[in-house]
Each structure stands twice: as C-alpha cells, then as structure tokens.
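# Chain and residue survey
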Amino acid sequence: MNTTFLGDKPINRMGFGAMQLAGPGVFGPPRDPSAARAVLRRAIELGVDHIDTSQYYGPDVVNDLIREALYPYPENLKLVTKVGARRDEAGGVLPAQQPDELRAGVEANLRSLGVERLDLVNLRLVDTGRDNAIPLEAQLPVLEEMRQEGKLDLIGLSNVDQAKARLALESVDVAEIQNGYSIIDRQDDEMVEFARERQIAFVPFFPLGSSFRGGPARLAGEAAIVGAADKHGATPTQIALAWLLARYERMLLIPGTSSMAHLEENMAAAEIELDGADLAALDRV
C-alpha cells in the first residue's frame with residue numbers, strides 16, 4: 001500500500017526530507033545549489049507529494065531551494081515544517097519555544113516558502129535541561145491559534161514521548177508524530193503502537209539509523225537485512241525502508257539525500273513486498 005492519510009489528506013507514503021540539502025551541519029548553502037534543486041525536481045517526478053523542511057535548516061537555505069525549484073508548487077504537494085528551534089551565528093541549535101518565537105517561526109516558514117498556509121507544522125520539543133523550560137501547554141495554543149487563522153492546516157509533534165503526546169491530545173488534534181526510529185533503533189516501538197491506536201501518522205527521522213547507531217554501514221552488516229536484500233534484488237537500505245513501510249500503514253518516510261542516485265534508490269524501496277518470513281527475520285534485528 002503506497003498511499004495513506006496525513007490527517008484526512010491522501011498522501012504517498014514515500015516523501016522527501018530536505019534537511020540534507022543545506023551545507024555541512026545543516027548550516028549555510030550547499031556546494032552546488034543547482035544540483036540540490038535538481039534533486040527536488042526529480043523527487044516530484046518520482047511521485048513525492050510530501051516534503052519535510054524547516055526555515056531553521058540553513059537557516060532559510062533549504063526553504064529557499066524548495067521555493068526556487070518547485071514554485072509554483074504542484075497542487076498535491078504538502079509542505080511540512082517544524083518550529084521550536086533556531087540557529088545562532090555559529091550554526092548552533094537553540095530552543096525557540098516562547099509563544100512569540102513559535103509564531104515567528106511559522107511566519108518565517110510561510111515567508112521563505114512563499115505560501116500563505118502550511119500543510120502541517122511540527123512542534124519540535126527540545127530538552128533545555130533547565131527548570132524554566134516552556135511547558136507544552138504554553139506552546140500548543142499559539143499553533144492552534146494560527147491554525148484557526150488559516151496559516152497552517154495540521155499540527156504535529158517531533159521528538160515527543162508518550163506522556164507529552166497524551167497531554168497534547170487533550171488540547172489539539174495531532175496529525176503526525178515525528179521521532180527517531182529505524183530497524184536498528186527500536187526504542188520507539190511503543191510510540192508506533194500509540195500512533196497506530198489513534199491513527200496518527202508516524203514519521204521516523206533517521207529512518208536508516210543515525211550515525212550514532214551505525215547508519216547504513218550497520219545495515220549492511222546485519223545478516224537478516226543482507227539476506228532479504230539478496231532475496232529481493234535490493235540494497236540493505238531499501239530493505240530497511242521497506243521494513244518501516246510494513247511496520248504500520250500510516251508510517252510516512254522522509255529519507256533525505258542530496259544525491260540523485262540515492263533519491264532514486266530510496267524511492268524504489270516502496271515497490272519491495274516483504275513476506276511473512278522476511279518480516280519475522282527482520283523483526284529480530
């Protein structure tokens with residue numbers, strides 16, 4: 001099943017995460033902006049109708065590339081952004097979770113993407129390690145206000161645990177949960193079930209595993225993944241993506257890359273049909 005729903009909107013399950021189109025450390029411009037724009041255009045050609053981005057990627061760099069490459073946007077393209085953080089002059093990521101900062105973040109995404117409404121805005125939860133962190137119940141109302149103003153359509157949560165997700169659901173509809181998750185990082189298994197029970201889309205960042213977990217190199221060292229790849233004439237990364245798609249019918253993938261070849265490889269993973277034996281072996285990874 002290659003399509004599902006984001007909220008009540010039909011959506012292709014293979015999307016594109018645009019973060020890697022910025023320079024090193026997701027800061028500053030890429031070495032070859034024209035190549036980055038070509039990757040975005042190719043993603044649309046391959047059926048992507050869901051791009052995940054944020055104004056603080058760069059900052060502005062990634063949204064500018066998206067606008068330059070794709071505006072006027074295809075009618076079915078959903079632009080998903082996030083707020084809750086900002087960059088300092090050295091590229092450091094800092095929390096920006098005061099209500100006025102969240103409003104400014106939404107406005108900055110609208111401006112840099114050149115749109116009047118965003119399809120979904122994720123609230124990125126940041127652990128500041130301080131006693132004066134802004135409580136979730138003080139952050140969500142501004143997003144709900146902007147939703148009612150017509151500046152965004154859906155609200156999502158990023159980097160959230162179950163307690164905070166339950167708290168959020170008391171005051172707003174949550175259309176998406178975006179957390180780190182992959183076949184080699186299963187800590188959020190229970191959160192996937194939480195989303196399934198409520199029919200909330202689950203969007204894993206680091207769908208191939210973070211560098212801390214070993215990433216694609218680790219995938220290529222797992223016998224079950226390699227065995228499935230050989231069986232299906234696929235790559236280990238394609239098997240890892242196909243496993244995620246089989247995990248939950250509202251799992252949306254946003255693998256990011258600045259490489260045309262990797263983009264095409266990732267998109268082809270949606271055509272792999274894992275059988276029961278494959279899944280039984282892969283679930284033990």
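Whatever comes next refers back to the structure up there.
Residues numbered from 1 in each chain as written. Predicted model: local features only at pLDDT ≥ 70, side-chain atom pairs only at ≥ 80, totals over all residues. Heavy atoms only, no water.

### A closer look at the overall build of the protein chain
Using the following cut-off: A run of DSSP states H or I qualifies as a helix once it reaches four residues; a run of E qualifies as a strand once it reaches two. Both are numbered from the N-terminal end. The globule rule used for comparison is 2.2 Å times the number of residues to the exponent 0.38, while the radius of gyration itself is calculated over C-alpha atoms. A 1.4 Å probe rolled over the protein chains alone gives each residue an accessible area, and that area as a share of the maximum for its type sets the label: buried under 20%, exposed over 50%, partly exposed in between.
When helices and strands are tallied, the protein chain shows eleven helices and eleven strands. The C-alpha radius of gyration computed for the protein chain amounts to 18 Å, which stays within 12% of the reference 19 Å derived for 285 residues, consistent with globular compactness. Reported as C-alpha extents along the three principal axes, the dimensions of the protein chain are approximately 55 × 45 × 35 Å. Relative to its 285 residues, the protein chain shows a buried fraction of 51%.

### Some remarks on helix α6 (residues 189–198)
To be explicit about the condition: Taking the helix axis as origin, the arc is that swept by the directions to the C-beta atoms. Contacts are assigned to residue pairs with any non-hydrogen atoms lying within 4.5 Å of each other.
Here α6 has its buried residues at Met191, Val192, Phe194 and Ala195. All buried residues of α6 project into a common sector of 155° when viewed along the axis, lining one side. Across α6 from its buried face, at more than 90 degrees, point the exposed residues Glu190 and Glu197. For α6, the secondary structure elements touched by its buried residues are α5 (162–169), β10 (176–178), β11 (201–202) and α9 (236–247). With its phi angle positive at about 55°, glutamine 199 sits one or two positions after the end of α6.

### What about the pairing of strand β8 (residues 118–124)?
We count it as follows: Whether two strands pair comes down to DSSP finding at least two bridges between them.
A large share of β8 lies buried, amounting to six of its seven residues. Judged from the four bridges that link them, strand β5 (residues 78–83) and β8 form a sheet pairing that is parallel. By the bridge assignment for β8, valine 83 is matched with leucine 123. Of the pairings in the sheet, the one linking β8 to strand β9 (residues 152–158) comprises six bridges and is parallel in character. Residue asparagine 122 lies in a different strand from β9, and its bridge partner there is glycine 156.

### Notes on the side chain of glutamine 97
This is how it is decided: As used in this structure description, the phrase polar contact means that two N or O atoms lie within 3.5 Å; if the pair is within protein, one of them must be able to donate a hydrogen and the other to accept it, and residues adjacent in sequence are counted only when both atoms belong to side chains.
Considering the arrangement of structural elements, one finds glutamine 97 in the loop between β7 (93–95) and α3 (99–113). For glutamine 97, a relative accessible area of 5% gives the class buried. Within polar-contact distance, the side chain of glutamine 97 engages the backbone oxygen of arginine 124 at 3.0 Å.

### Digging into the packing of aromatic side chains
Put simply, the rule reads: Centres within 6.5 Å make a pair out of two Phe, Tyr or Trp rings, where for Trp the six-membered ring is used; the pair is then stacked when the planes are under 30 degrees apart, edge-to-face when over 60, and tilted otherwise. Both a distance and an angle decide whether a charge sits over a ring: NZ of Lys or CZ of Arg must be within 6 Å of the ring centre and within 35 degrees of the ring normal.
Across all of its chains, the model carries five aromatic pairs by this definition. Here the aromatic rings of tyrosine 181 and phenylalanine 202 are separated by 5.7 Å at their centres, their planes lie at 75°, and the arrangement is edge-to-face. Here the residue tyrosine 181 occupies a position in the loop between β10 and α6, and phenylalanine 202 occupies one in strand β11, the gap between them amounting to 21 residues. An aromatic cluster of at least three residues, connected via ring pairs, comprises Tyr181, Phe202 and Trp243. The aromatic ring of phenylalanine 194 is capped on one face by arginine 198, whose charged end is 3.8 Å from the ring centroid.

### Structural notes on unusual backbone geometry
In this model, glycine 58 is joined to proline 59 through a cis peptide bond whose omega is -15°. With respect to the element layout, proline 59 can be found in the loop between β4 (50–52) and α2 (61–70). For the bond from tyrosine 71 to proline 72, the omega torsion is 0°, close enough to zero to count as cis. Among the secondary structure elements, proline 72 is positioned in the loop between α2 and β5. Residues other than glycine seldom take positive phi values, yet glutamine 199 does so here, at roughly 55°. Of note, glutamine 199 is situated in the loop between α6 and β11.

### A short note on the pattern of salt bridges
Applicable threshold: When a carboxyl oxygen of Asp or Glu is within 4 Å of a side-chain nitrogen of Lys or Arg, the pair counts as a salt bridge.
Applying the stated rule across the entire model yields 22 salt bridges. Glutamate 197 is paired through a salt bridge with arginine 198; the nearest N and O atoms lie 3.2 Å apart. Through salt bridges with shared partners, one network takes in Arg186, Asp189, Glu193, Arg196, Arg247 and Glu249.

### Examining the layout of surface pockets
To find the voids left in a structure, one rolls a probe of water-molecule size over its atoms. Threshold: Detection works on a 1 Å grid of protein atoms alone, calling trapped sets that fit a 1.4 Å probe cavities and calling open sets with protein on both sides within 12 Å along at least five of seven lines pockets, with lining residues defined by an atom within 4 Å of a point. Grid points are joined across faces, edges and corners, and a volume is the space filled by probe spheres set on the points.
Size it by volume and the largest pocket reaches roughly 970 Å³. As for the largest pocket, its lining consists of 40 residues, and the residues nearest its centre are Met19, Gln20, Phe205, Phe206 and Pro207. Counting residues per element, the ones that place at least two in the lining of the largest pocket are β6 (85–87), β7, α7 (215–219) and α10 (260–268).

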